[in-house]
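Listed below, chain by chain, are the residues.
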Amino acid sequence: MKTLLAATLLLTNLAAANAATLSEEAKLVFVSASRVNNSYGGFGGIPGGSGLGTTPSCRLLGNILSLSLDKSVALADDPSRHQKDMKSRVEEVFRSAFMREITGRVANVRRLAYPNISDEDARTIYVLTHDCTLDAVGTGPAVMPIKGNGAFKATYHGKTVPWVLVMSDAAWGKIDGFVSPHSMKYHVPEDVLAHELTHGMTADLLTDANIKRSNDQKTSKVGHDVNRVSDGSIAFWEGLAEGVEATVGETLKGAFAYPFSMDPGVYGFLLERQSPVRNNKMAFDEKGLPRTGGDLVKAEGFVATFIFKLLSRLPYTLSNGITIRGWPFMEVARLIHDQQPTNARELIVAVLNAPNGGEKASEEFLRLSGLATYSREARALSVSTIKARQAFYEISDKLHDAASPDQLAVEYAKRLAEKNALEKQWAEKSEQWAKEALAGARGNILRLAY
Ligand SMILES: [Zn+2]
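Throughout, a residue's number is its position along its own chain's written sequence, starting from 1. Restriction of local features to residues with pLDDT of at least 70 applies here, the model being predicted, together with a cutoff of 80 or more for giving and counting side-chain atom pairs; totals for whole chains, interfaces and linings are based on all residues.

A. Layout of the overall build of the protein. Helix and strand assignments come from DSSP, with helices taken as H or I runs of at least 4 residues and strands as E runs of at least 2, each series counted from the N terminus. Looking only at helices and strands, one finds 18 helices and eight strands in the protein. Within the protein, the fraction of its 450 residues that count as buried is 46%. A separation of at least 24 residues holds for 73% of the contacts in the protein among residues at least 6 apart in sequence. Any residue whose C-beta has 12 or fewer other C-beta atoms within 10 Å is treated as exposed, any with 20 or more as buried, and any in between as partly exposed, C-beta atoms being built from the backbone. By the convention adopted here, residues make contact when the C-beta atoms placed from their backbones lie within 7 Å.

Here it is, written out as structure tokens:
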């Protein structure tokens, strides 16, 4: 009897755990510009505008978008053909099993955020297809969560809608448009939709006041990109979306990287950005040196890495005591809903303090950050170690190419010894510092992050 009860409980709990990932078909409502009243509030998925809007090319895009929303201005060479194509492609993508899982999350998040919501409203996603190909400007789709931003309320048939997915298409140079056969083949639309829908869900989970509080913290003018250090608010919104993107992208297409190559300083947001996120590359600056603690909580790519590890690798103990690999998405959603973080630092602290997995997440955070948010001494040692490693690689290359290698042998031995000594020191000390950090209050792990 006891065994039977245990087995029944186990099944019930597993069913509950799976409920969060059950496929659910979204109800897509395509809206035209005339039906969305003054909805344009920014660009790039953050209510009220994001850092993207501050770069000249994107400000231009913002103007084009808002203009066409008001007047349905046709900017493409053949807008009617393109619009039709866009709609059918969007529908096609949403029908995939993969997207059904993502839209199932949207529905579950809404049920959490709005307890009295009808089933139909939970599943409804408003999509504004945008009839232009912006060959000269070069950017793609966006979500427009307008919830909480009074000036940019959207209504549909007299009803206020929480957010609108804006599907504009773009081709730039060698980069294909969003719904080109090439992009479809490489699942670009799924990546982008997972990203944008995460923005929408984040907006659903936060109260209006906290969305405003988050917006008010935006101070950066450098814009948004996976490799940028901007501010805690952008790092929060974009880090979450890019972390989800890296997680679902891994399931969808493994370690595949897009065959694109562009100047990352300007158009990096169109580059394949999932591999650097998965490999924790954004904890380091362009010289390969560890970022400071203060910069790490403003680096969306680093926040994305932490979210990626959380959702795909880190252990989470369910209420029945079973530990699974990778936190259920809905547990992260619940944390955001309950703790209302408005910047990356608050999000990370909420995760580190979580009762069912916060301890392992703290260990991982210390590892990913190289303890740079915890200790200046740790970061200094980490910088010296990496510099010694770089110097060693340099002499190794020289030696490899040298006509008479013997002349370099002494320096080679010296650099090797330096590198080994520092690596040994780092291994010992970082372990000791990590233990010390974990013994204290977990919020202290971010004491140098501001
Ligand atoms: Zn975004």
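Picking up after the structure, the text goes on.
B. Molecular detail of the packing of helix α7 (residues 188-205) against helix α14 (residues 329-339). Their axes nearest at 9 Å, the elements α7 and α14 cross at an angle of 40°. Comparing the axis directions of α7 and α14 gives the class oblique. Here M201, T202 and L205 of α7 come into contact with α14, specifically with A333, I336 and H337. Split by residue class, the contact of α7 with α14 holds four nonpolar, two polar and no charged. Here an angle of 0 to 180 degrees is reported between the N-to-C directions of two axes, which are lines fitted to C-alpha atoms, with helices fitted over the stretch in contact. Note on terminology: angles under 35 degrees are roughly parallel, angles over 145 are roughly antiparallel, angles of 65 to 115 are roughly perpendicular, and the others are oblique. Here the nonpolar group is Ala, Val, Leu, Ile, Met, Phe, Trp, Tyr, Cys and Pro; Asp, Glu, Lys and Arg are the charged ones; every other residue, Gly included, is treated as polar.

C. Fine view of the nonpolar core. When buried Ala, Val, Leu, Ile, Met, Phe, Trp, Tyr and Cys residues are joined through C-beta atoms within 7 Å, the set is termed a nonpolar core. Ranked by size, the top nonpolar core spans 85 residues in total, and within it L165, V303, I307, L310, V332, I348 and V351 carry the most contacts. For the domains described, the bounds stem from an automatic or database domain assignment. Both domains that furnish three or more residues to this core are identified here as domain 1 (20-211) and domain 2 (376-446). Other than its neighbours up to four places away in sequence, V303 contacts A235, F236, G239, G243 and A344.

D. Examining the environment of T251 more closely. Looking at where T251 falls in the secondary structure, it is placed in helix α9 (residues 232-253). Note: C-alpha distance between T251 and S312 (61 residues apart in sequence) is 9.7 Å.

E. Examining unusual backbone geometry more closely. Non-glycine residue N280 carries a positive phi angle of around 55°. Within the secondary structure, N280 is located in the loop between α11 (274-278) and α12 (293-296). The partly exposed category is assigned to N280, around which 19 C-beta atoms lie within 10 Å. Non-glycine residue L371 carries a positive phi angle of around 60°. Along the chain, L371 falls in the loop between α16 (358-369) and α17 (376-401).

F. Examining the confidence of the model for the protein more closely. Within a predicted model, pLDDT stands for the predictor's per-residue confidence, ranging from 0 to 100. Mean pLDDT for the protein: 76, with 68% of residues reaching 70 or above. Within the model, the stretch residues 34-81 combines pLDDT values under 50 with 114 contacts to residues more than four positions away or in other chains. For residues 131-140, every residue scores under 50 in pLDDT, and the model assigns this stretch 38 contacts once sequence neighbours within four places are set aside.

G. Geometry of helix α4 (residues 97-113). For α4, spanning 17 residues, the distance from its first C-alpha to its last is 24 Å, which sits close to the expected 24 Å at 1.5 Å a residue. M99, I102, T103, G104, R105, V106, A107, N108, V109, R110 and A113 are the residues of α4 that are buried. Helices are assigned an expected span. That span is 1.5 Å times one less than the residue count.

H. Structural context of the environment of S362. Counting through the fold element by element, S362 comes out in helix α16. For the pair S362 and V351, spaced 11 residues apart in sequence, the C-alpha separation works out to 8.2 Å. Residue contacts for S362: discarding those within four places in its chain leaves L352, L438, R442 and I445.

I. Fine view of the packing of helix α13 (residues 300-312) against α16. Interhelical geometry of α13 versus α16 gives an angle of 145° and a closest axis separation of 11 Å. Judged by the sense of rotation from one axis to the other, the crossing of α13 with α16 is right-handed. Listed contacts from α16 to T305, F306, K309 and L310 of α13 are A361, E364, F365 and L368. Considered class by class, the residues forming the contact of α13 with α16 number five nonpolar, one polar and two charged. What makes a crossing left-handed is the near helix being turned counterclockwise from the far one by less than a right angle; a clockwise turn instead makes it right-handed.

J. Representation of α17. The terminal C-alpha atoms of α17 lie 38 Å apart, and with 26 residues this matches the ideal 38 Å at 1.5 Å per residue to within 8%. When α17 is considered as a whole, its buried residues turn out to be A378, R379, S382, T385, I386, A388 and F392. Turning to α17, the residues buried within the fold contact α18 (409-439).

K. Representation of the environment of T317. Examined against the element boundaries, T317 turns out to sit in strand β7 (residues 315-317). Exposure remark for T317: the 13 C-beta atoms within 10 Å place this residue in the partly exposed category. Taking the C-alpha atoms as reference points, T317 and P355, 38 residues apart in sequence, are found 9.2 Å from one another. When neighbours within four sequence positions are excluded, T317 is seen to be in contact with T323, N356 and G357.

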